[in-house]
Structure formats: structure tokens, C-alpha cells
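Below are the chains, spelled out letter by letter.
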Amino acid sequence: MRILFLGDVVGRTGRDTLGAKLPGLRATLQADLVVVNGENASHGFGLAPDMAQAMFAAGTDVITLGNHAWDRKEVIPYLASQPRLIRPMNFPPGTPGAGFVAIEVAGGRRALVMNVMGRLFMDALDCPFRASAQELSRHRLGATVHAIVIDIHAEATSEKIAYAHSFDGQVSLVVGTHTHAPTADHQILPGGTAYQSDAGMCGDYDSVIGMSKEGAAARFWRKMPGERLAPADGPATLCGVFVETDDATGLAIDIQPVRVGGRLSQAVPQ
Ligand SMILES: [Fe+2]
Ligand SMILES: [Fe+2]
């Protein structure tokens, strides 16, 4: 299976660039499954239903979220009607929406997409490790599903790496989101799981993690809250990873970084 994962879409420039470039990128890569993190699509904070619909229309199969999941309240009823929009699974029981979805992709194959959130330097949720182990115990990679993709939305690289090693061989891809900076540690772990600590964002990199650099820097200088931050609005780079898996095992054959458009060095898988 050919899988494209793109990190946090930030603001209008992220949304517009995704809308403009994803259809072509999906075709070029012949992607069977496209997963995009949408937690910052609405002015940096949350995701509105119309934005999610535009992301789906551009060729996104599943949208994941993170700590900004609830910033746009309209998403709460929308989560109930749109199973392809998922939020971190380790929110407490009773939270709206689901943390995983199984979908059918080309050729009658099945893919499971999961979203979890880390706990280091973040809000205290239920244990992401135990929540994931419990859900994964219901699936067998290469038997009940052809691919399993997990977005671990977390601040600490150590937590993401520990998580990936914990499920190495059980899933096709573990990729981090939330830091908005792509890491260069993409690899296939010894058990066959593709991994990159952070996908990076889909946003303007002439910024502080997607937000206007002046306002964001002022907060560090003054150590007092300033105006509400606004997203930077220059050309966006779409960042993420492209993974190819073996349908028989569900394990990764290849992982390559993706950086398209904007000011970052370009990386388009061949
Ligand atoms: Fe984010
Ligand atoms: Fe986040």
C-alpha cells in the first residue's frame, strides 16, 4: 500500500496549499491512503467542518487531530457524523468521536488509522501506550487489516520513539505530529514499522511553528501574554512522509520524507 501522511495543517496558507497541491501529489505518488493532521487548520486553532470537507475533497482519506481538537466547537457534532475525522483515542471514556477508523482503500484492502496523544509536557490524558495496545489487540496486521497508520501527537521525541519501538512489527507506520518541525530520523525500525519522530507541518516556515514570528517572539522576550497569535501567511510547505508497505505483511518497505512548496528544501519521493 502506498501511504502519504502530512503533518499539522496551519491556517489559511496551509489549507490553500493543501487544496492546490494534494490532488497532484496524490496522483504523482499513486497514493492509496492519505492521512492529514488538521488540528491547526482554523487560524492555528482547531478545525471547522467546512475546512475538513475541503481537505476530504482535495484527496484526504482520514483527518487526525491533537491538543487543539476542541478549539472550534462546531467540530463536536461533526465528529459524530464523519468517522474519517478522528481525535486522540486516549481522551477519557465518553469523549465525543473516535480515536481510530478502519477504511477500505483501492483493491478492497483495509487500512486502520489511529490517533493518540503523548503525555510528556502535554495535558494529562489516559495512557497512550495502554490505550494503543488495547486497540491493536483487536487487529492483526497483514490478516485483518493490510496497513495500520498511527499519528502520535506529542511534544517529546523520547515518548514518540519509545512508543514506536513498543509497537514495532505490529503496525505499518508510526509518525509524530505537534512540534511542526520535520525530523530527519525517518527509518524502518528492526521489526518493520516505518517511523519518523515528527512529520512537520503544512504551513509557512518563515514563522514560529506556523504562527507570526513577531508576536510569537515577543512572548518569549516579555514573558507575559500578548495578543492572540495569528498564523504566518507566506507560502506553505507541505511536510510529511511517504511509506510503501507489503500487503502480505503490512510492514514497511520504504519511507521517504515529503516536503513540497514553500521555503524548505524540497523532497518528493521517486
Ligand atoms: Fe499542531
Ligand atoms: Fe498540537
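In what follows, the structure referred to is the one given above.
All figures in this text were calculated on a predicted structure; none of them were measured in a lab. (Residues numbered from 1 in each chain as written. Chains lettered and ligands numbered in written order. Predicted model: local features only at pLDDT ≥ 70, side-chain atom pairs only at ≥ 80, totals over all residues. Heavy atoms only, no water.)

**Student:** Report on the coordination of the iron ion (ligand 1), specifying residues and quantitative values.
**Tutor:** Donor atoms from the polypeptide that coordinate the iron ion (ligand 1) comprise Asp8 (OD), Glu39 (OE), Asn40 (OD1) and His180 (NE2), at 2.0 to 2.2 Å from the metal. Considering all four donor atoms around the iron ion (ligand 1), the spread of angles at the metal, 86 to 169°, places the coordination shape in the irregular class. Positions of the donor residues of the iron ion (ligand 1), expressed as sequence spacing, correspond to D-x30-E-N-x139-H. Taken as a pair, the iron ion (ligand 1) and the iron ion (ligand 2) lie 3.3 Å from each other and share glutamate 39 as a ligand. (Donors = N, O, S within 2.8 Å, 3.2 Å for Na, K, Ca; no water. Tetrahedral: all angles 85-135°; square planar, octahedral: opposite > 155°, others 65-115°.)

**Student:** So, the environment of glutamine 30: which residues are in play, and what are the values?
**Tutor:** Summarising the element assignment, glutamine 30 is placed in the loop between helix H1 (11-29) and strand S2 (33-37). The sequence separation of glutamine 30 and phenylalanine 56 amounts to 26 residues, and the corresponding C-alpha distance is 17 Å. (Helix = DSSP H or I, 4+ residues; strand = E, 2+ residues; numbered from the N terminus.)

**Student:** Explain the packing of helix H4 (residues 128-136) against helix H5 (residues 157-166) residue by residue, including any values.
**Tutor:** Where H4 meets H5, the closest approach of the two axes is 11 Å, and the angle between their N-to-C directions is 25°. One finds that H4 runs roughly parallel with respect to H5. In this structure, H4 crosses over H5, and the sense of that crossing is right-handed. On the side of H4, the interface is formed by Pro128, Phe129 and Ser132, while H5 contributes Glu159, Ala162, Tyr163 and Ser166. (Axes fitted to C-alpha atoms, helices over the stretch in contact; angles between N-to-C directions. Parallel < 35°, antiparallel > 145°, perpendicular 65-115°, else oblique. Left-handed = near helix turned anticlockwise from the far one by under 90°. Contact = heavy atoms within 4.5 Å.)

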